[in-house]
Amino acid sequence: QVQLVESGGGLVQAGGSLRLSCAASGKIFSVNTMGWYRQAQGKQRELVADITSGGTTDYADSAKARFTISRDNAKNTVYLQMNSLQPEDTALYYCKLANFNNGIVYPFWGQGTQVTVSV
């Protein structure tokens, strides 16, 4: 099992910044991907950004140029630096860790941290 603890959400004005953190513990495989997803009210959960254990990143178009994902493998922690936040970024942000082994994916989710951007 893997436990994920998210932090860093909150209320910010449009144009502001937040930094989300997610610390993972438990059985973490050497090959894994950590990432951030978000779910706005009435919408489906969507990928914001993810990063592999090797450092390869992927971003949603809405996150490119404004958000930066990074990770500290020694601490099993992933970060999401969010700049130039807009009201449409308001959502519950979830951390995900996916372990990979022999072609099988084992996903784990955090409880979510709320990000609210006011006008």
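Placed above this text is the structure.
A. View of the pattern of salt bridges. One pass over the structure, following the stated rule, counts 4 salt bridges. The salt bridge partner of arginine 38 is glutamate 46, with a shortest N-O separation of 2.9 Å. A relative accessible area of 37% means that glutamate 46 is categorised as partly exposed. With a closest N to O distance of 2.7 Å, aspartate 89 and arginine 66 form a salt bridge.

B. Structural detail: the nonpolar core. Counting 27 residues, the largest nonpolar core has Leu4, Trp36, Leu80, Met82 and Tyr93 as the members making the most contacts within it. Elements that contribute at least two residues to this core include exactly strand S1 (2-7), strand S3 (18-26), strand S4 (32-39), strand S5 (46-52), strand S7 (67-72), strand S8 (77-82), strand S9 (91-101) and strand S11 (113-118). Excluding anything up to four places from it in sequence, tyrosine 93 contacts Glu6, Leu20, Trp36, Tyr37, Arg38, Val48, Leu80, Met82, Gly112, Thr113 and Val115.

C. Molecular detail of the sheet that holds S3. Taken in spatial order, the 4 strands make up an open sheet running S1-S3-S8-S7, and their pairing is antiparallel. With one partner strand each, in any of the chains shown, S1 and S7 form the two edges of the open sheet. Adjacent strand axes in the sheet meet at a mean angle of 15°, parallel and antiparallel pairs treated alike.

D. Expanded view of a nonpolar patch on the surface. Residues Val31, Phe100 and Val105 make up a contiguous nonpolar surface patch of about 240 Å² in total accessible area. With respect to the helices and strands, the residue phenylalanine 100 is situated in strand S9. Judged by relative accessible area, phenylalanine 100 falls into the partly exposed class, the value being 34%.

Calculation notes
- Residues numbered from 1 in each chain as written.
- Predicted model: local features only at pLDDT ≥ 70, side-chain atom pairs only at ≥ 80, totals over all residues.
- Heavy atoms only, no water.
- Salt bridge = Lys/Arg side-chain N within 4 Å of Asp/Glu carboxyl O.
- Buried < 20%, exposed > 50% of the residue type's maximum accessible area, 1.4 Å probe, protein only.
- Core = buried A, V, L, I, M, F, W, Y, C linked by side-chain atoms within 4.5 Å.
- Helix = DSSP H or I, 4+ residues; strand = E, 2+ residues; numbered from the N terminus.
- Contact = heavy atoms within 4.5 Å.
- Pairing = 2+ DSSP bridges.
- Axes fitted to C-alpha atoms, helices over the stretch in contact; angles between N-to-C directions.
- Patch = residues over 30% accessible without salt bridge, like charges linked within 9 Å, V, L, I, M, F, W, Y side chains within 5 Å.
- Areas by Shrake-Rupley, 256 points an atom, 1.4 Å probe, with all protein chains shown as cover.

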